[in-house]
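# Coordinates in review
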Amino acid sequence: MEYSQNELMISAAARELRGARVAFVGVGLPNIVCNLGQRLHAPALELVYEAGVFGARPARLPLSIGDPTIVTGAASVMGMPDLFQYYLQRGLIDVGFLGAAQIDKFGNINTTVIGAYAKPKTRLPGSGGAAEIAVLCGKILVITRLNKRAFVPRVDFITSPGYLEGGAAREKLKARGRGPEAVITDLCVLRFAADTREMMVTSLHPNVTRAQVQANIGWQIRFADALETTEPPSAEELRLIREELDPQRLYSR
Amino acid sequence: MEYSQNELMISAAARELRGARVAFVGVGLPNIVCNLGQRLHAPALELVYEAGVFGARPARLPLSIGDPTIVTGAASVMGMPDLFQYYLQRGLIDVGFLGAAQIDKFGNINTTVIGAYAKPKTRLPGSGGAAEIAVLCGKILVITRLNKRAFVPRVDFITSPGYLEGGAAREKLKARGRGPEAVITDLCVLRFAADTREMMVTSLHPNVTRAQVQANIGWQIRFADALETTEPPSAEELRLIREELDPQRLYSR
Amino acid sequence: MLADRRHFLLAVRCFAEMKVTTMRDAIRELVRDGDMVALEGFTQLICFAAGHEIIRQRKKDLTLCRLTPDLVYDQMIAAGVCRKLVFSYAGNPGVGSLQAFRRAVEKGEPRSLELEEYSHFGMVGRYIAGAARLPFYPVNSYLGGDLPRVNPRIRQIQSPYGDEKIYVVPPLNPDVAILHAQRADKNGNTQIWGLTGAQKEVAFASRRVIVVVEELVAESVIRADPNRTLIPGLIVDAVVVEPFGAHPSYAQGYYDRDNAFYVEWDTIARETAGLNAWLDEWVYGVNDRAEYVAKWGEKLNALKPGDAFAEPVNYGEYK
Amino acid sequence: MLADRRHFLLAVRCFAEMKVTTMRDAIRELVRDGDMVALEGFTQLICFAAGHEIIRQRKKDLTLCRLTPDLVYDQMIAAGVCRKLVFSYAGNPGVGSLQAFRRAVEKGEPRSLELEEYSHFGMVGRYIAGAARLPFYPVNSYLGGDLPRVNPRIRQIQSPYGDEKIYVVPPLNPDVAILHAQRADKNGNTQIWGLTGAQKEVAFASRRVIVVVEELVAESVIRADPNRTLIPGLIVDAVVVEPFGAHPSYAQGYYDRDNAFYVEWDTIARETAGLNAWLDEWVYGVNDRAEYVAKWGEKLNALKPGDAFAEPVNYGEYK
């Protein structure tokens, strides 16, 4: 069955939710990923929208992070102090999603500036909640397209810490969250070595070569010994994505 | 016109509200005092009930500190964190009322224990919000009956600080609130000397003698040079108390 | 095969959501000897039903916390289930002292009672820190008072932005919170109106949460007004339906405070014998709350108020 | 004589309560050059009407604070009213970058822009500390990140209850908060539903508060549901009635977000000339919000949602 790169990313990311209890959801891909994961892999998964909504029942696919459709019919709606303190900081959230303008070999993420902070070449939006999501969610999933501008040896600015300089560096922070678990891209899935915490390819998407992956990463990337091929989206996954989760094909085309 | 001691205390206390903007109200006498003050002396006075209510419109005289009648029809009802942080600690409250099991010559108040804390002769209820009301309200009014067991040279326990050891002791605390302003009793009104901060009688109620007052205070009390006679309740004050504020005469008899 | 798996998983999910239970089972399974338990509620929604069941099950060595231990804690102290009290105001509101509490503190009857004492604001700060998993909470209080002298957990720290000092209190994380509310759905999404006290903070601060409601309502009722949901089902372990479960305290819109009983308690509790007789009749002598309610009979219905409905708001249908 | 005095005082009181005014007067009297101003609102209830009036009145050297400076701040930056930004996420949500913000930061056009940057939680903590008049607020964030390196106001302190360290942020106390809401009464008692963001905290944190509402309602409407009042009239200086005042953002239950405009803004703002032409037409070219709304015409009505009413709750009549 034919499928798009986004559909592959969505289905691969959804499988990472197996066993998760509570996910912190933004809009776009993570929203579809969480809903798919809930239906197939983590039936007890509860969704918390970072705008301040628990138990949303959106009647349409949310278009912005605080779309009114996630409010109407939700189980609970709260202000930001409660969301950040009583949900996120309390440690209720198992999984968080982060995007990345830059991500480096130890999973550190930059969404603040390209260049020097005081005199940036490109000023990006900044942290939003990413700085705290990175340290407070049980684990982090990163969904982003693979390209050399994004996958850099060292980020210009650490907006959201991954494993810092690698090894035991993150453990010394005593952060509640364990850090990035997987980076799901359009070409492969990457994870972090247990000892060095360096990013490595653990699964290539069907028909993708090692050379294609390396060409889109700004450092010499390692490949896992037991390199897998990513399971393509099943017919059921595709049906759910196309018919129920994103019928207008806004994010999954 | 005949009046009760409680009516005199109420009308005298209400006059202390002149110019006040926001009062922190408990039940009983302070509730009637505030409502009388609002009608006669401080038309812009807003009432905040310490249970978490702003702008109450009680349909009956509240019987407990959180009577449901202060909720129905109120302008705003909030939880305790908001009440203590955003109203009291923010400094919105001009006037607070405190009762006292013991009060000493520098206006320190005890509602915790008679005797030693670890092995009390009488265990009293404790602070409630009194410890913070004493330091955060602009000024404090104490309404209590005069008697030797209550008016002691030194309280057994400072639940709510007045002027501590007197003089500049309280200023050194850098508390937001200025401290006790007046103690309104059934025999007289007492205030605190500007320099020593010692309590002194500034106004005797009609037909009360100095000796009567001294007999009910556990130390040698001072009388102000310009000792006044308390203005008795006016016909209008009595009418309001009897017909509108406490028609069942629960607190004002 | 995936579809099969999906049905299996949906079944798992439904099972996980079976939170509605009886008070007896909730207390038996979720309250353990030695636990720190918070039956909160400021003036309204004080869960006497749960307190009585804890007494009936003769739980031991509980640490009870609460801003205003009132009659229900007086009864629990008298029944001997309480080892320690964490509190800020132990009085019979509007009436005077708590007699059983006083006997325990002053005379060690029926057993000695350890006290850990704060002010209201300090207790509120402890619950906030507990709910937010903060190591401490700053409160501008305690200046010049004796509480920090007798409670070494109230400490002072320095602001890093100037020379201001401020008192802090440590987090409070009860093992179990038991919270009465007007209504919840079967998943434990709970709505409270009127005085909300520190109910939300206690719920998030606690390891286990029992919600006791006047009414179990359809999910659609809760979801029609999500801003009113104070406690999300996410943190609720059990939902117990217990009409009049807060009597003699009140539930806004459901019944009034039984002021006569608050006054009467002062007499009942003044002598140990009288208090024990009352416990025998009204706690040990009934099997559950339903019997207690039936025993009060028409008197409880007389506490029901007239109607005063909120203006409904429109959330809008966005599809 | 007392009765006379009473009438006089009641008149004083009524006068003091005349808070309802026009946007023009509210901005003229309450927003001063050099002020720190917060037009808050998380996704919904962003007061574009006030932002445009501030531009029309050519206010100078404002420090603007807000978690998510979106289009309205992009417009204010482009118009040159803003000297400094205190923020946590400066993007066009769901679309990409804010073009005018980028030009100001990257090229100093139309003027240089000072930045003071936090994360969302940091900004929320600053508002809470501001509202509660705390010297600092602890947030478990910032570990391992570069924000504390570039913003020295983010500091770390030691817990007095163990060896835990935690970051703290200082209070934020804007001179003026401008908050959009669904409804208020003439005294400024304000009700908000849907996403409430940090509206309450900003209101209490600020020295002056302007509330802008979709509807001015009778006091009885507010008082029929006091738990929904997020901002008490006690801290409100002015109430402005401005239907569709949050467009192109949304007001839950009143209108939807104008997503098309958010997307279009990316094109409009990409070149200074295009952006200025837009300001000329839609801000300088209209006298007030009513003209702006009329100019949009039927397009705005198309944003109105269907009905989804909350289940009313009973507060009970207690007399």
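Per chain, the residues get numbers from 1 upward, laid out in the order the sequence is written. Chain labels run from A onward and ligand labels from 1 onward, assigned in the order the entries are written. Per-residue local features are limited, in this predicted model, to residues with pLDDT of at least 70; the limit for side-chain atom pairs, both in listing and counting, is 80 or more; totals at the level of whole chains, interfaces and linings are taken over all residues. Neither water nor hydrogens contribute to the side-chain values; these are computed over all heavy atoms in the structure.

### Topic: the packing of aromatic side chains
Residue and element names in this part refer to chain C. Note on aromatic contacts: the rings of Phe and Tyr and the six-membered ring of Trp form a pair at centre separations within 6.5 Å, being stacked when their planes are under 30 degrees apart, edge-to-face when over 60 apart, and tilted otherwise. In this structure the tally under the stated criterion is 35 aromatic pairs over all chains. Ring geometry for W265 versus W278: centroids 5.3 Å apart, planes at 80 degrees, classification edge-to-face. Placement of the pair is W265 in helix α10 (residues 259-268) and W278 in helix α11 (residues 272-284), with a sequence separation of 13 residues. Exposure is judged per residue with a 1.4 Å probe applied to protein chains only, and the accessible area is read against the type maximum: over 50% gives exposed, under 20% gives buried, and values in between give partly exposed. Its relative accessible area of 1% is what places W265 among the buried residues. Counting from the N terminus, the helices are the DSSP runs of H or I reaching at least four residues and the strands are the DSSP runs of E reaching at least two.

### Digging into empty space enclosed by the protein
The rule is simple: put a 1 Å grid over the protein atoms alone, call a set of points where a 1.4 Å probe fits but cannot get out a cavity, call an open set with protein on both sides within 12 Å along at least five of seven lines a pocket, and count a residue as lining if it has an atom within 4 Å of a point. Grid points are joined across faces, edges and corners, and a volume is the space filled by probe spheres set on the points. Within this structure, the stated rule accounts for three cavities of 30 Å³ or more. Along the wall of the largest cavity there are 45 residues; nearest its centre are D82 of chain A, D82 of chain B, K200 and L230 of chain C together with K200 of chain D. Under the scheme applied here, ten amino acids are nonpolar (Ala, Val, Leu, Ile, Met, Phe, Trp, Tyr, Cys and Pro), four are charged (Asp, Glu, Lys and Arg), and all others, including Gly, are polar. Partitioned by chemical class, the residues of the lining of the largest cavity number 22 nonpolar, 15 polar and eight charged. One number sums up the size of the second largest cavity: a volume of about 40 Å³. Within the lining of the second largest cavity, the residues separate by chemical class into seven nonpolar, four polar and no charged.

### Remarks on the packing of helix α2 (residues 23-30) of chain D against helix α3 (residues 48-56) of chain D
Residue and element names in this part refer to chain D. Here an axis means a line fitted to C-alpha atoms, over the contact stretch when the element is a helix, while the angle between two N-to-C directions is reported on a 0 to 180 degree scale. At a closest axis distance of 10 Å, the pairing of α2 and α3 adopts a crossing angle of 60 degrees. Viewed along their axes, α2 and α3 form a crossing whose handedness is right-handed. Packed against α2, whose contacting residues are M23, R24 and I27, the element α3 presents A49, A50, E53 and I54 at the interface. Residue composition of the contact of α2 with α3, grouped by class: five nonpolar, no polar and two charged. In a left-handed crossing the near helix is turned counterclockwise from the far helix by less than a right angle, and in a right-handed crossing that turn is clockwise. By the convention used here, residues are in contact when the closest approach between their heavy atoms is within 4.5 Å.

### Quick notes on the nonpolar core
Counting residues in each nonpolar core, the largest one holds 403 residues, and the members touching the most others are V213 of chain A, V213 of chain B, I178 and I210 of chain C together with I178 and I210 of chain D. Ignoring anything within four residues of it in the chain, the contact list for I178 of chain C reads I27, V31, V37, A38, L39, E40, C47, A50, I54, I210 and V212 of chain C. Among the buried residues, those of types Ala, Val, Leu, Ile, Met, Phe, Trp, Tyr and Cys that are joined through side-chain atoms within 4.5 Å form a nonpolar core. V152, V155, L164 and A169 of chain A belong to the second largest nonpolar core, which has five residues in total.

### Quick notes on the relation of the copies chain C and chain D
Turning one copy of the chain about an axis and sliding it along that axis gives the other copy, so a rotation and a shift relate them. Note on the copies: chain C fits chain D at an RMSD of 0.0 Å, the axial shift is 0.0 Å, and the rotation between them is 180 degrees. When the rotation and shift are considered jointly, the pair of chain copies conforms to a two-fold rotation axis. Measuring from the rotation axis to each C-alpha of chain C, the shortest distance belongs to P312 of chain C, at 2.5 Å. Interface residue correspondence from chain C to chain D reaches 100%, placing this contact among same-surface, isologous pairings. Superposition of the copies was done by least squares, using only C-alpha atoms of residues whose pLDDT is at least 70 in both.

### Structural notes on the domain arrangement of chain C
All names here are of chain C. What counts as a domain boundary in this text is fixed by an automatic or database domain assignment. If you check the domain split of chain C, you get domain 1 (32-131 + 172-180 + 191-212 + 245-301) and domain 2 (135-170). Centre-to-centre, using C-alpha coordinates, domain 1 lies 28 Å away from domain 2. Every contact between the two is made by 12 residues of domain 1 and, on the other side, 12 residues of domain 2. Carbon and sulfur atoms make up 63% of the area that domain 1 and domain 2 hide from each other, which totals about 980 Å². Among the residues domain 1 hides against domain 2, the three largest losses belong to E117, Y118 and F121. Together they make up 41% of the total. Any Lys or Arg side-chain nitrogen found within 4 Å of a carboxyl oxygen on Asp or Glu counts as a salt bridge. Applying the counting criterion to the domain 1 and domain 2 interface returns one salt bridge. Buried area adds together the accessible area that both of two parts lose upon being put together, with accessible area traced by a 1.4 Å probe.

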